[in-house]
2 protein chains.
Amino acid sequence: MTDRVVPEPERRRRRPTKRGIVLTAELIVDTALRLIGQHGADALTVRRLGAALGADPSAVYRYFHSTDDLLLAVADELIGRAQHAWQPTGDWRADLRAIGLRIHAAYQAHPQAALLAAHRTTGRTHEAAAVEAILGVLRTAGFPDLEAVRVYHAFVDQSLGFAALDAAALALPAPAAAADRQVWQASYARLDAATHPHIAATADLLTTDMRRSGYPYALDLLLDAAEARLRAVGGKREG
Amino acid sequence: MTDRVVPEPERRRRRPTKRGIVLTAELIVDTALRLIGQHGADALTVRRLGAALGADPSAVYRYFHSTDDLLLAVADELIGRAQHAWQPTGDWRADLRAIGLRIHAAYQAHPQAALLAAHRTTGRTHEAAAVEAILGVLRTAGFPDLEAVRVYHAFVDQSLGFAALDAAALALPAPAAAADRQVWQASYARLDAATHPHIAATADLLTTDMRRSGYPYALDLLLDAAEARLRAVGGKREG
DNA sequence: TTCTCTACGTCAACGTCGTTGACATAGCCT
DNA sequence: AGGCTATGTCAACGACGTTGACGTAGAGAA
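Residues numbered from 1 in each chain as written. Chains lettered and ligands numbered in written order. Predicted model: local features only at pLDDT ≥ 70, side-chain atom pairs only at ≥ 80, totals over all residues. Heavy atoms only, no water.

Draft legend 1. Summary view of the packing of helix α1 (residues 25–39) of chain A against helix α3 (residues 67–83) of chain A. Residue and element names in this part refer to chain A. Across the interface, α1 lies against α3 with an axial gap of 10 Å and an inter-helix angle of 80°. Here α3 runs roughly perpendicular to α1, going by the angle between their axes. Contact residues: Ile28, Val29, Ala32 and Leu33 in α1; Leu70, Ala73, Val74 and Arg81 in α3. Within the contact of α1 with α3, the residues separate by chemical class into seven nonpolar, no polar and one charged. (Axes fitted to C-alpha atoms, helices over the stretch in contact; angles between N-to-C directions. Helix = DSSP H or I, 4+ residues; strand = E, 2+ residues; numbered from the N terminus. Parallel < 35°, antiparallel > 145°, perpendicular 65-115°, else oblique. Contact = heavy atoms within 4.5 Å. Nonpolar A, V, L, I, M, F, W, Y, C, P; charged D, E, K, R; others polar.)

Next comes the structure, spelled out in structure tokens:
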């Protein structure tokens, strides 16, 4: 039996597990998210998920074809949350900044899923709505179509790229994550000033700055440059 | 025995394996890169690596503490290749642009490895050399230390983020990659102008632009903004 | 109410993985 | 020439994703 999944709308029998839990796809997705949030990204295994659900691990395969299938379902949930209740304010720069930070934050909240989802183009409704919103902000602000498309492309890929990058740091197995964080203090802060003068001169600043995500600053740089280009073609900040 | 690794510079005895291969850390890294490139990221397991090397899988643990340690070495090798034979020209903007494009290109050449490696901080020699080079370019150009560190951070993470994003597109299984590329023509180009006016108005530009990497344009935006900030503190373009 | 059908939870097993303790041998150094 | 030990090998552990087989209990039909 290579496929034991019954499509959700056709489900009829809701049989409780030995421990009295009634399973649903939604409950499994929520439990998976909780597992990641509480015990780290590497806590998401089928066996642990089964234990957390109060069910046999293999019961998960009645709802999802594979762990990858499950993770995509989780990711789908994230895309919706990032956009939930967003409204344009009329200030294009503030709007883009808000959208970027929302995308980033939504993925940060669930790094493991973000890693699988960030680099796919789905073409589904949530994604289309986001594309339309961003393009709308840019064109309404006065960007010519060609420039609007290019800024859109850079903006979106920058957001997703940073989202994946920062999510990966959170999704690493605990020892690897700790090692990555230690590198700046343990290695770079101790390099010889003779061989690495620039690192030595900025070691303190580096160890501080590298602890945070570089995204907010990079986003501001991108918006700076976009604003300059908009001004060059005669557009205004508000509009 | 929790650590069976002998540091590379202290190695003396070069004992061949049963199949006559003389192992080195370098050979193992190269073989890992080849394995990933030929059979995908999932092909990188200690057992398969042993088979490809002509050695017992556990021999790898005489050279690397863990698979994660090996992966960091692979990542550092990619960084090293990106920096190979690079020389500063004195034009900070041209230098940063060249470094960024080199990093991007090096990772594109090994997409599967890039997916595993782009998100890690290795702290090894090649990475340290790259950090030193980039910081040197910025500080020599006249960026104050704090600003230099922030621009460095944004620059590196943006480069790695785009590298991973674009590598992911190349590393996808063929049908999934084709599907992702088709989305722009098959879905977005056909959206109703009533519900998605901005997408409809720019559909042609979108389908053209989304076929390329957004990195070069995003890089130029970042450099634009950095240049503006440098000018604001009194620096010059050449220097 | 009873009967039937089958959805779905459970169990056990397979082959894989990373990793490590124990062992043996062969290369380097004195 | 001889000893030390680096390094390759072997076997085993526990955890992983996944799947075939089984039985029971829930829903719908009568």
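Draft legend 2. Region of interest: the domain arrangement of chain A. Residues and elements named next belong to chain A. Looking at chain A, the domain boundaries give domain 1 (8–65) and domain 2 (87–232). One C-alpha centre belongs to domain 1, the other to domain 2, and the line joining them spans 33 Å. Facing five residues of domain 1, the contacting portion of domain 2 comprises seven residues. When domain 1 packs against domain 2, the two sides together hide about 470 Å² of surface, and 66% of this comes from carbon and sulfur. Taken as a group, Leu33, Ile36 and Ala41 account for 71% of the area that domain 1 buries against domain 2, more than any other trio of residues on that side. (Domains from an automatic or database assignment. Buried area = accessible area lost by both parts, 1.4 Å probe.)

Draft legend 3. Up close: the interface of chain B and chain A. With 62 residues of chain B at the contact, the number on the chain A side is 61 residues. When chain B packs against chain A, the two sides together hide about 5500 Å² of surface, and 66% of this comes from carbon and sulfur. Area buried by chain B at its contact with chain A is led by Glu132, His198 and Tyr217 of chain B, which between them contribute 12% of it. Counting the contacts that link chain B with chain A gives two salt bridges. The partner of Asp224 of chain A in a salt bridge is Arg229 of chain B, with the nearest N and O atoms 2.9 Å apart. Counting across the chain B and chain A interface gives 19 residue pairs in polar contact (both at pLDDT 80 or more). For the side of chain B that touches chain A, the elements supplying multiple residues, two or more each, are α6 (125–141), α7 (145–171), α8 (174–186), α9 (197–201), α10 (203–209) and α11 (215–232) of chain B. The dominant element in the side of chain B that touches chain A, judged by the number of residues it contributes, is α7 of chain B, at 16 residues. For the side of chain B that touches chain A, the class distribution of residues is 31 nonpolar, 16 polar and 15 charged. (Salt bridge = Lys/Arg side-chain N within 4 Å of Asp/Glu carboxyl O. Polar contact = N/O pair within 3.5 Å; in protein donor to acceptor, adjacent residues only side chain to side chain.)

Draft legend 4. Representation of the relation of the copies chain B and chain A. When chain B is fitted onto chain A, the two copies agree to an RMSD of 2.9 Å after a turn of 177° and an axial shift of 1.1 Å. When the rotation and shift are considered jointly, the pair of chain copies conforms to a two-fold rotation axis. Taking C-alpha positions as reference, the residue of chain B nearest the rotation axis is Gly161 of chain B, located at 2.0 Å. Take the interface residues of chain B: 97% of them recur as interface residues in chain A, which is what a same-surface contact looks like. (Least-squares fit on C-alpha atoms with pLDDT ≥ 70 in both.)

Draft legend 5. Inspection of the nonpolar core at higher detail. Judged by nonpolar contacts, the single largest core of 140 residues is most densely connected at Tyr152 of chain A together with Tyr152 of chain B. What Tyr152 of chain B contacts, discounting residues up to four positions off in sequence, is Trp184, Leu206 and Met210 of chain A together with Val131, Ile134, Leu135 and Leu138 of chain B. (Core = buried A, V, L, I, M, F, W, Y, C linked by side-chain atoms within 4.5 Å. Buried < 20%, exposed > 50% of the residue type's maximum accessible area, 1.4 Å probe, protein only.)

Draft legend 6. How the structure looks around the packing of aromatic side chains. One pass over the structure, following the stated rule, counts five aromatic pairs over all chains. Arranged with centres 5.3 Å apart and planes meeting at 85°, the rings of Trp92 of chain A and Phe143 of chain A form a pair that is edge-to-face. Here Phe143 of chain A lies in the loop between α6 (125–141) and α7 (145–171) and Trp92 of chain A lies in helix α4 (residues 92–108), a separation of 51 residues in the sequence. Judged by its relative accessible area of 4%, Phe143 of chain A is buried. On the numbers, 4.4 Å between centres and 25° between planes, the contact of Trp184 of chain A with Tyr188 of chain A is stacked. By relative accessible area, Trp184 of chain A is classed as buried at 7%. We note Arg11 of chain B situated over the ring of Tyr63 of chain B; from NZ or CZ to the ring centre the distance is 3.7 Å. (Phe/Tyr/Trp six-rings, centres within 6.5 Å; stacked < 30°, edge-to-face > 60°. Lys NZ or Arg CZ within 6 Å of the ring centre and 35° of its normal.)

Draft legend 7. Looking closely at helix α11 (residues 215–232) of chain A. Along its 18 residues, α11 of chain A runs 26 Å from first to last C-alpha, staying within 8% of the 26 Å computed at 1.5 Å per residue. Taken residue by residue, α11 of chain A has Tyr215, Tyr217, Ala218, Leu219, Asp220, Leu221, Leu222, Leu223, Ala225, Ala226, Glu227 and Leu230 of chain A as its buried positions. Taken together, the buried residues of α11 of chain A touch α4, α6 and α7 of chain A together with α7 and α11 of chain B. (Expected span 1.5 Å × (residues − 1).)

Draft legend 8. A look at the packing of helix α1 (residues 25–39) of chain B against helix α2 (residues 46–53) of chain B. Residue and element names in this part refer to chain B. Two elements in contact, α1 and α2, have axes whose closest approach is 10 Å; the angle formed by their N-to-C orientations is 110°. Relative to α2, the element α1 is oriented roughly perpendicular. Residues Leu27, Ile28, Thr31, Ala32, Arg34 and Leu35 of α1 form the contact with α2, whose own contacting residues are Arg48, Leu49, Ala52 and Leu53. Its residues assigned to classes, the contact of α1 with α2 comprises seven nonpolar, one polar and two charged.

Draft legend 9. Molecular detail of the pattern of salt bridges. For the structure shown, the criterion picks out 21 salt bridges over all chains. Note that Glu8 of chain B and Arg11 of chain B form a salt bridge whose closest N and O atoms lie 3.2 Å from each other. Ionic contacts of the salt-bridge type, sharing partners, join the residues Arg93, Asp224, Glu227 and Arg231 of chain A together with Glu147 and Arg229 of chain B into one network.

Draft legend 10. View of the side chain of His153 of chain A. On the secondary structure map, His153 of chain A appears in helix α7. Residue His153 of chain A is classed as buried on the basis of its relative accessible area of 2%. Setting aside anything within four residues of it in sequence, one finds His153 of chain A in contact with Asp209, Met210, Arg212, Ser213 and Gly214 of chain B.

Draft legend 11. Looking closely at α11 of chain B. As for α11 of chain B, its buried residues are in contact with α7 and α11 of chain A together with α4 (92–109), α6 and α7 of chain B. Positive backbone phi, approximately 95°, marks Gly234 of chain B, located one or two places after α11 of chain B.

Draft legend 12. Structural context of unusual backbone geometry. Despite not being glycine, Ala85 of chain A has its phi angle at roughly 65°, a positive value. Considering the arrangement of structural elements, one finds Ala85 of chain A in the loop between α3 and α4.

Draft legend 13. Quick peek at the side chain of Asp166 of chain A. Residues and elements named next belong to chain A. With respect to the secondary-structure elements, Asp166 resides in helix α7. Buried within the structure, Asp166 lacks any salt-bridge partner; its nearest side chain of opposite charge belongs to Arg212, at an N-O separation of 11 Å. At a separation of 2.6 Å, a polar atom in the side chain of Asp166 contacts the side chain of Ser213. Those residues in contact with Asp166, other than ones at most four positions away along the chain, are His104, Gln108, Ser213 and Tyr215. (Lys, Arg positive; Asp, Glu negative; His and termini not counted.)

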